[in-house]
Amino acid sequence: MGRIRVLSDQVANQIAAGEVVDRPASVVKELLENALDAGATRIRMEVEGGGRKLIRIADDGCGMSRDDALLAFERHATSKIRSSDDLLQIATLGFRGEALPSIASISRLELTTLPADQPTGTRVEIAGGKVLSVEDVGGPPGTTITVRDLFFNTPARRKFLRAETTEMAHVTALVTHYALAHPEMHFELHSATHALLTAPPVREATERIYQIFGRDTLDQLVPLAAERRFEHAGLPEPPPWRRDEDYRPPDPGYLRVSGFVSKPALQKLNRNSIYVFVNQRLIRDRLILHAVTEAYRNIIPPTSFPVLLLFLEMPPHEVDVNVHPAKTEVRFRQQSLVHDFVRESIRATLMKARPAASFVEALTATPRAASSLVPAAGEPEMPGSDPVAQPEEAAPFALSAPVPRPEEVRLPFSGSSMVAEAAVEIQPAGPVPSPASSGANGHACSQQILPEGAEGAPSLASLASLKPLGQLRESFILAVNDEGLWIVDQHVAHERVLFEKILRERKVERVNRQRLLMPMLIDLLPQQMAIFATLAEELERNGCEAEPFGPHTIAIKAAPAGLAGTELERMIFEVLEQPGSDSQSENLETARTRIAASIACHAAIKVNMPLDPARMEWLLAELARTEHPMSCPHGRPIALRYSWKEIQRAFQRI
Amino acid sequence: MPAGVEQEKAVSGAAMEIAVSRHDLLRELTATQSVVERKTTIPILSNFLLEADGDRIAITATDLDQSIRTSCAAKVKKPGSCTIPARKLYDYIRLLGDGDISIKLLENHWVQIRAGRSNTRMVGMARANFPQVPEFPESSVTRIPVASLRTLIARTIFAISNEESRYTLNGALLILKAESLAMVATDGHRLAHIEKAGESFPGINGEKKVLIPRKALQELQSLLADTDADSLDFADDDSTLFFRVGHRVLTSRRLTGQFPNYEAVMPRDNNKFVIVRSQDLFASIQRVAQFADERSGAIKMRIEQNELKVSSSSAEAGESEDTIETPYSSDPLVVGFNSAYLIDFLKAIGNEGEVRLEFKDAQSAGQVRPEDASDDYKYRYIIMPMRI
Ligand SMILES: Nc1ncnc2c1ncn2[C@@H]1O[C@H](COP(=O)(O)OP(=O)(O)O)[C@@H](O)[C@H]1O
Ligand SMILES: [Mg+2]
């Protein structure tokens, strides 16, 4: 007898479960997605013991007939697609028909479901994949699924679970994300003892953010909205001679992005606060993460990450969601187009908003390692809640929505204003041309950006109106305008001005370089010599002409205008510093901005340098003209503000 | 001297009392006050040291890097010494009317100043805390004509570097030879060199090079501007440079480090040249520089058939061009410069007469010099071009 055997369904399901369900949060995710696919408008979840003890999810969706209810637990049973062609057009969150059987195989599950148009519903009980009972029940329309004792029959998996609080944090984060993606729906999440999240329907994401995180977080975010038409590129079309009379070329459709991006002042130590949804599906995508990092490069420090909520929408055929059973990875058909669009939209939004940071906020704004957005206000201990052990990876995660009062949810961002603003043309993208954009009109993507709120979000746009008062210790410029008192770091301000100027001039090869009377000889270590060899050309284009002068010396013959003496030498050493261990992999663009940032830093006005009023005015005016006046190329803030309001409040005038 | 006498001197020192003409005192305070330390990091340095002895009152100020010591005639009723807050004293004396002033040291470093109906007390610090100022060494003194040195400084000081660098460029190099005197200064981008022949320094055999810090040159410049003397005395030791102008002595700590080999960079074969009037060139550059890049101040000089064109352009400001007519028939040449460097030179020669601009090509150093053969001074200004 052969040794190969077809596995029983139960074992197959358990194996599949290993991929689909690796922790309680994945169960919640699958069930939540099912409820959403079922058209629910209210979803209520209860989770106990970090999800191991109990997960219950009740929706008011379409429900299932008795037959469907049983079929749903068969492997690859789904109502969402029928043929493999449908895989190209997936409009639902689920489609693999794997989740229910997988979950049922590793837990004790009870399903109660009742379609709206039928008098009786069905209750199914399953344990470890075995159907225990099926019976008729009454009740409200919709579906309730209760999962108990998750992983009771897979001890291996159970061992890998983290502390209850951690698992709970993941569940809560997940539900929060979906609540954010669906502001029009009612979400509730309860633990054994208290409500973790209650979010009644609101009109839009802004209000949802406010509901969940409160004003402070919302204040740190800038709304983003942009769209562009997809390229035709590669869409299958029949050849002209096979087209009907009334043939219409397929509509390439639109790529849209909306959501929120954080101001540079808000920084996190990891990527966990970057939430990306593609067609309302929560995903983790390296391409998008990369675009985000690129967008924030030279705006926040390279070691920090922003907070983002990005909702990408595109025709289903533009994105393949069938990459991994957990469906958190996707593949875009036109990768570079999506990448550049996201990057440019974020850049343009930040550039337009020019968000100003408040001095008071900046004081406390050290990057935090929060595992995700956490409500800003300290959470009061709930009566009767278990004393929670400190979770090992994140701050205690407990979300409780402020009890929403409708009138408080009035926000400056109204639905109608989404399209009110004139289209903003995105500048041709950065120096690396993407394949998708190399064609004619490749970048003629127009985008719309939400207007500022009526009350005027703090913005650096008003920098131009600043009047300098003087310097604080010859290092910070104090300046005022109607908005309040501003403190501007003179060094980083000039650094930003020079940085953008250098990149601009470098692009058109118009860098002014001063030749030196006597070449400056600099001795280098062997590895610095090696890096010099790779960067010499780029240095040269930035005005720094140097050539090897013997085996371990270089001779600098010309320098970028404004950089001389020791500062020039320091700049060289900084640029020749090993950029991480993988100097090989530093791409040209990174090297270019690194060199520009270094030149800017060393040529800039220093701290402890007296400036006369005219010079201060000049600097503020130049800063106002930069693209990103909020932070220096290394990500430090440039201008902080005490708003008129804050000042009045501090002096107890209001 | 027995210890008792020393003791007594200290006691009498605590009782200094003088009368001095307000006019004389103010003149000497003015000459001294610029070296008083402005930062208040070391409090004693913001004081003048006053020492009364014989028929003079000596005034000393120092910031540790340099010092000025001067004196004026006074009626010394009680010899002694004290320190007085420099700024306060200077401002107060300025506001007094002409006449005699009496200065008297009281208990606990209080000093009383009386003039006419004005009576003021201010508090100084213990005299013992005032740093020792080096004494002018009477050996190996070189006499230098005041007028020569004045010119040398005025024509080089602007080229001294503001930046720290591996060479010591924060001063000018004075070169004394038996029959000439020269000074050179550079910031690594341009270099000013001036030589005065027809001097006589009997004490110098061969060549003596002295690097003088910028701050000291500035002080020296004001001392030289405010003297009737024809010559000054220069001396130096391992750590200090001394300049005695009339009754005033300036000391400066020596700069350590190396001045570059400037002779190697002097251009030799700059055979394309034009001659223009300083005034015209100055006016043109000033106009055109308005439109130069803010950071580099870059302008282009184009010489072609009987013309010198000065032009600039920047993304922010616009562009501008001036044409100066001048004989020229060699190959055309375009070379860029930092306009500020040329302006500095033209200002240094008082914007008078004609200048000769000498070039080789767009990469090599340009040389500018006054076109005035009658002058005893040989003045050359070398500027490295800028690629624009
Ligand atoms: N909450 C629900 N309400 C209505 N139908 C549901 C619900 N959950 C699951 N179903 C049905 O069960 C089927 C199987 O679910 P699942 O195993 O998650 O696979 P998939 O979601 O990939 O189709 C779904 O296709 C759907 O028809
Ligand atoms: Mg599903």
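Treat the numbers as computed from the prediction; the structure is a model and nothing was measured. (Residues numbered from 1 in each chain as written. Chains lettered and ligands numbered in written order. Predicted model: local features only at pLDDT ≥ 70, side-chain atom pairs only at ≥ 80, totals over all residues.)

> What exactly am I supposed to notice about the overall build of chain B here?
Across its full length, chain B carries seven helices and 26 strands. In chain B, which comprises 388 residues, the share counted as buried stands at 37%. Relative to all contacts within chain B whose residues are 6 or more apart in sequence, the contacts with residues 24 or more apart total 68%. (Helix = DSSP H or I, 4+ residues; strand = E, 2+ residues; numbered from the N terminus. Buried ≥ 20, exposed ≤ 12 C-beta atoms within 10 Å, placed from the backbone. Contact = placed C-beta atoms within 7 Å.)

> Whenever I open this one, the sheet that holds strand 15 (residues 231–236) of chain B confuses me. Can you help?
Strand pairing in a sheet is mediated by backbone hydrogen bonds. Such pairs are either parallel or antiparallel. All names here are of chain B. Pairing is antiparallel in the open sheet, where eight strands are placed in the order 6-2-3-4-17-16-15-10. At either end of the open sheet lies a strand with only one pairing partner, and these are strand 6 (80–85) and strand 10 (142–145). Put simply, the sheet's adjacent strands are angled 20° from each other on average, direction ignored. Taken strand by strand, helix 3 (residues 86–95) contacts strand 2 (47–53), strand 3 (56–62) and strand 6, and its axis lies near 90° from that of strand 6. (Pairing = 2+ DSSP bridges. Axes fitted to C-alpha atoms, helices over the stretch in contact; angles between N-to-C directions.)

> Explain helix 15 (residues 588–603) of chain A here, please?
Count 3.6 residues to each turn of an α-helix, and residues three or four apart come out pointing the same way. Residues and elements named next belong to chain A. Under the 1.5 Å per step criterion, the end-to-end length of helix 15 is 22 Å for 16 residues, consistent within 8% with the ideal 22 Å. Along helix 15, the residues that are buried comprise Arg594, Ile595, Ala596, Ala597, Ser598, Ile599, Ala600, Cys601, His602 and Ala603. Contacts from the buried residues of helix 15 go to helix 12 (490–507), helix 13 (526–541), strand 24 (553–560) and helix 14 (565–575). (Expected span 1.5 Å × (residues − 1).)

> For this particular structure, what's the right way to read the site of ligand 1?
All names here are of chain A. Surrounding ligand 1, one finds 23 residues, the nearest of these being Asn34, Ala38, Thr78, Gly94 and Ala99. Sorting the residues of the shell around ligand 1 by element identifies helix 2 (24–37) and helix 4 (99–105) as the ones contributing at least two each. Ranked by residue count, the leading element in the shell around ligand 1 is helix 2, at four residues. The class makeup of the residues in the shell around ligand 1 is nine nonpolar, eight polar and six charged. (Near = placed C-beta within 6 Å. Nonpolar A, V, L, I, M, F, W, Y, C, P; charged D, E, K, R; others polar.)

> Looking at this model, I keep getting lost on the interface of chain A and chain B. Mind explaining?
Every contact between the two is made by 15 residues of chain A and, on the other side, 23 residues of chain B. Those elements that place two or more of their residues in the side of chain A that touches chain B are strand 22 (513–523) and helix 14 of chain A. Top contributing element to the side of chain A that touches chain B by residue count: strand 22 of chain A, with six residues. Examined bridge by bridge, strand 22 of chain A and strand 26 (residues 386–387) of chain B share two bridges and lie antiparallel to one another. For Gln514 of chain A, the partnering residue across the bridge sits in strand 26 of chain B and is Met386 of chain B.

> What is the right way to read the packing of helix 13 of chain A against helix 15 of chain A from this model?
Residues and elements named next belong to chain A. Orientation of helix 13 relative to helix 15, taken along the N-to-C sense of each, is 60°, at an axis distance of 10 Å. Compared by their axis directions, helix 13 and helix 15 come out oblique. As for the relative orientation of helix 13 and helix 15, their crossing is right-handed in sense. In contact with Leu535, Glu538 and Leu539 of helix 13, helix 15 contributes Ala591, Arg592 and Ile595. (Parallel < 35°, antiparallel > 145°, perpendicular 65-115°, else oblique. Left-handed = near helix turned anticlockwise from the far one by under 90°.)

> Can you walk me through the environment of Pro101 of chain A in this structure?
All names here are of chain A. For Pro101, the location among the structural elements is in helix 4. Look at Pro101 and you get buried, because 24 C-beta atoms sit within 10 Å. The spatial distance from the C-alpha of Pro101 to the C-alpha of Asp9 is 9.3 Å, given a sequence separation of 92 residues. With near-sequence residues (within four places) excluded, Pro101 lies in contact with Asn13, Phe73, Glu74 and Arg75.

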